[in-house]
Amino acid sequence: MRNKPFYLGLLFLALVLVGFDVVLFGDDTASVSETTETTASATLPTAGTSLAPDQPMVCGYSTEAPEVPAYASLIRPTDPQVGPKDAAVTFLEFFEPNCPHCINFHSIAKQVKAAYSDRVHFAFKPVVFWPRSAVQAQAMYAAHAEGKFFEMVDAQFGISSTGQGLTEDQVKQAAQSIGMDGDAMMQRISGGVYRGKMMSNRADHQQLGWGYVPAIYINGKLVDNNSRTPECIGQLLEAEMGS
């Protein structure tokens with residue numbers, strides 16, 4: 001029979017998950033107060049420092065984050081994916097809809113995807129750190145259900161590139177701009193259709209043991225912050241394909 005600490009541990013985990021769900025989805029459209037905004041800005045994972053002007057570019061992987069041998073298990077059938085699933089190389093990105101570094105990296109990810117989608121398996125997982133991002137991330141999965149994930153990401157980032165978050169009306173505007181029914185999409189979001197996906201993405205990100213976003217993994221190895229350029233990522237992909 002299980003001992004008492006075991007059951008207490010399960011109870012604690014359940015409370016944590018329930019609390020996370022309430023914080024993110026209790027009021028998807030609620031505005032964020034100035035105090036909450038400051039706290040969120042201080043605690044949201046960031047991208048790290050940049051190279052000094054005279055420091056040579058060295059493409060590589062993070063020496064701090066552990067390699068993830070079972071990275072393929074983090075990619076689920078419901079995740080947006082491009083490229084051959086049996087490819088020798090997998091590119092996996094975790095990003096937050098209102099992380100400025102993620103927004104800045106978006107154009108790089110598009111370039112890399114366009115250049116290597118015939119030889120590399122790409123998968124993308126939006127995660128939510130701020131309540132204001134919940135509707136946006138769920139809208140991305142609603143668009144994915146209609147084959148329009150990347151169009152939705154482009155539309156959202158095109159409306160606002162400041163990382164301040166979009167209103168419900170702006171998310172609907174993004175949906176309508178790519179040919180979706182904004183009202184029907186919001187009904188699905190309000191009904192909780194995609195909440196489970198948001199929770200699992202958050203759990204997957206935490207499982208990696210690395211809190212920053214964007215987090216770009218190539219075959220389970222985290223790309224170093226200073227290597228998040230088209231040239232470096234291309235070099236790393238080519239090296240993996242040739243290994």
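Bear in mind that the values here come from a model prediction, so they are computed numbers and not experimental data.

Topic: the sheet that holds strand 3 (residues 121–126)
Moving on, step 1. Strand order across the open sheet formed by 5 strands is 1-3-2-4-5, with mixed pairing between neighbours. Edge strands, defined here as strands with exactly one partner in the open sheet, are strand 1 (81–82) and strand 5 (221–222).
Moving on, step 2. When strand 4 (residues 215–218) meets strand 5, the two strands line up antiparallel, connected through 2 bridges. Across the sheet, residue Ile218 finds its bridge partner in strand 5, namely Lys221.

A look at the packing of helix 3 (residues 100–116) against helix 9 (residues 230–242)
Moving on, step 1. At a minimum axis separation of 10 Å, helix 3 and helix 9 run at an interaxial angle of 35 degrees. The two elements helix 3 and helix 9 cross, and the hand of that crossing is right-handed. Of the residues in helix 9, those in contact with Phe105, Ile108, Gln111, Val112 and Tyr116 of helix 3 are Pro230, Ile233, Gly234, Leu237, Glu238 and Met241.
Moving on, step 2. Of the residues contributing to the contact of helix 3 with helix 9, the split by class is 8 nonpolar, 2 polar and 1 charged.

Points about unusual backbone geometry
Moving on, step 1. Of note, the bond from Val213 into Pro214 is cis; its omega dihedral lies within 30 degrees of zero at 0 degrees.
Moving on, step 2. When you line up the elements, Pro214 lands in the loop between helix 8 (195–207) and strand 4.
Moving on, step 3. For Asn219, which is not glycine, the phi torsion reads 50 degrees and is therefore positive.
Moving on, step 4. Structurally, Asn219 is set in the loop between strand 4 and strand 5.
Moving on, step 5. The exposure class of Asn219 is buried, given its relative accessible area of 12%.

Observations concerning the pairing of strand 3
Moving on, step 1. Counting buried residues along strand 3, 6 of its 6 residues qualify, which places the element largely inside the surrounding structure.
Moving on, step 2. Note that strand 1 and strand 3 share 2 bridges and pair antiparallel. Following the sheet pairing, Val82 is matched in strand 3 by Phe122.
Moving on, step 3. When strand 2 (residues 90–95) meets strand 3, the two strands line up parallel, connected through 6 bridges. Paired with Phe91 across the bridge in strand 3 is Phe122.

Things to note about the pattern of salt bridges
Moving on, step 1. Taken as a whole and judged by the stated rule, the model has 10 salt bridges.
Moving on, step 2. Salt-bridge contacts for Lys125 lead to Asp79; the nearest nitrogen and oxygen are separated by 2.8 Å. Residue Lys125 is located in strand 3, and its partner Asp79 is located in the loop between helix 2 (34–43) and strand 1; the two are separated by 46 residues in the primary sequence. Neither residue differs from the other here; Lys125 and Asp79 are each classed as buried.
Moving on, step 3. When the shortest N-O distance is used, the salt bridge between Asp154 and Lys110 registers 3.4 Å. Taken together, the residues Asp154 in helix 5 (residues 149–159) and Lys110 in helix 3 connect sequence positions 44 residues apart.
Moving on, step 4. Owing to a relative accessible area of 38%, Lys110 belongs among the partly exposed residues under this scheme.

Focus: the confidence of the model for the protein chain
Moving on, step 1. Mean pLDDT for the protein chain: 81, with 75% of residues reaching 70 or above.
Moving on, step 2. Predicted confidence is poor over residues 1–20, with pLDDT under 50, and the contacts of this stretch with residues over four places away or in other chains come to 5 contacts.
Moving on, step 3. Of the regions scoring below 50 in pLDDT, residues 27–53 engages in 33 contacts with residues more than four places distant in sequence or in other chains.

As for helix 4 (residues 134–144)
Moving on, step 1. Among the 11 residues in helix 4, 10 count as buried, and that is most of the element.
Moving on, step 2. Restricting attention to buried positions, one finds in helix 4 the residues Ala134, Val135, Gln136, Ala137, Gln138, Ala139, Met140, Tyr141, Ala142 and Ala143.

Examining the packing of aromatic side chains
Moving on, step 1. Here the structure, examined in full by the defined rule, presents 5 aromatic pairs.
Moving on, step 2. The interplanar angle of 50 degrees and the centroid separation of 6.1 Å between the aromatic rings of Phe91 and Phe124 together place this pair among those described as tilted. Of the two residues, Phe91 sits in strand 2 while Phe124 sits in strand 3, which places them 33 residues apart along the sequence.
Moving on, step 3. For Phe91, a relative accessible area of 0% translates into the label buried.
Moving on, step 4. Geometrically, the ring pair formed by Phe124 and Phe150 is edge-to-face, given 5.4 Å between the ring centres and 85 degrees between the ring planes. Remark: Phe150 occurs in helix 5 and Phe124 occurs in strand 3; sequence separation between them is 26 residues.
Moving on, step 5. Judged by its relative accessible area of 23%, Phe150 is partly exposed.
Moving on, step 6. These aromatic residues form a ring-pair network of at least three members: Phe91, Phe122, Phe124, Phe149 and Phe150.
Moving on, step 7. Between Lys113 and the ring centre of Phe150, over which it is positioned, the NZ or CZ distance is 4.3 Å.
Moving on, step 8. Taking the ring centre of Trp130 as reference, the NZ or CZ of Arg132 above it sits at 3.6 Å.

Reading the values: rules and limits
- Residues numbered from 1 in each chain as written.
- Predicted model: local features only at pLDDT ≥ 70, side-chain atom pairs only at ≥ 80, totals over all residues.
- Heavy atoms only, no water.
- Pairing = 2+ DSSP bridges.
- Helix = DSSP H or I, 4+ residues; strand = E, 2+ residues; numbered from the N terminus.
- Axes fitted to C-alpha atoms, helices over the stretch in contact; angles between N-to-C directions.
- Left-handed = near helix turned anticlockwise from the far one by under 90°.
- Contact = heavy atoms within 4.5 Å.
- Nonpolar A, V, L, I, M, F, W, Y, C, P; charged D, E, K, R; others polar.
- Buried < 20%, exposed > 50% of the residue type's maximum accessible area, 1.4 Å probe, protein only.
- Salt bridge = Lys/Arg side-chain N within 4 Å of Asp/Glu carboxyl O.
- pLDDT = per-residue confidence, 0-100.
- Phe/Tyr/Trp six-rings, centres within 6.5 Å; stacked < 30°, edge-to-face > 60°.
- Lys NZ or Arg CZ within 6 Å of the ring centre and 35° of its normal.

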